[in-house]
Amino acid sequence: QVQLVESGGGLVQPGGSLRLSCAASGTIFSSYAMGWYRQAPGNQRELVAAVSSSGSTNYADSVKGRFTISRDNAKNTVYLQMNSLKPEDTAVYYCNRISYSADPSSWGQGTQVTVSS
C-alpha cells in the first residue's frame, strides 16, 4: 500500500513563500514521475508541477517562474518551493505519482495553502 503524506501548507501573505513536502512510502519512489496538484473550491484538481524519475521538470503556465519542484530519492520525498504567492494560489495541494493520478484511492489528504492578507 502506497502512502503519500503532504505537509508544509499554511496561511501566508501575498508575495510570501512556502515549501511543501510529500513523503512517500510503500513504493519504489525513484522509479516514478511525481507531480504536485492543487484543487481550489469549485474547481477541478490541476497539475501544477511535475518531476520525472530523472529529474526533468515541467510547470503549468500559472506557476512558471514562481514554483520549483524537486525530489530527494534517498528520502523518498518530493518538494514544492512556492515563491511570490498570489491569492489565486489558494488551494489544497496534493502530490501523487503521475501514472496513478486517475486512481481515486491513490490520493493523500493534501495540505491547505491559503494566500491572504
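Residues numbered from 1 in each chain as written. Predicted model: local features only at pLDDT ≥ 70, side-chain atom pairs only at ≥ 80, totals over all residues. Heavy atoms only, no water.

(A) Here's a closer look at the overall build of the chain. Within the chain, the regular secondary structure consists of zero helices and ten strands. In sequence order, the chain lays out its α and β elements as β-β-β-β-β-β-β-β-β-β. Across its three principal directions, the C-alpha atoms of the chain cover 40 × 25 × 20 Å. Each of the 117 residues in the chain was classed as buried or not, and the buried ones make up 39%. Entry remark: accessible area of the chain is about 6,100 Å², with carbon and sulfur atoms responsible for 46%. (Helix = DSSP H or I, 4+ residues; strand = E, 2+ residues; numbered from the N terminus. Buried < 20%, exposed > 50% of the residue type's maximum accessible area, 1.4 Å probe, protein only. Areas by Shrake-Rupley, 256 points an atom, 1.4 Å probe, with all protein chains shown as cover.)

(B) The arrangement of the packing of aromatic side chains in detail. According to the stated counting rule, one finds three aromatic pairs in the structure shown. Stacked on the ring of Phe29, the Lys or Arg Arg71 has its end atom at 4.6 Å from the ring centre. (Phe/Tyr/Trp six-rings, centres within 6.5 Å; stacked < 30°, edge-to-face > 60°. Lys NZ or Arg CZ within 6 Å of the ring centre and 35° of its normal.)

(C) Summary view of the nonpolar core. Ranked by size, the top nonpolar core spans 25 residues in total, and within it Trp36, Val78, Leu80, Met82 and Tyr93 carry the most contacts. Broken down by element, the residue count for this core peaks at four residues, all from strand β3 (residues 18-25). Excluding anything up to four places from it in sequence, Tyr93 contacts Glu6, Leu20, Trp36, Tyr37, Arg38, Phe67, Leu80, Met82, Gly110, Thr111 and Val113. (Core = buried A, V, L, I, M, F, W, Y, C linked by side-chain atoms within 4.5 Å. Contact = heavy atoms within 4.5 Å.)

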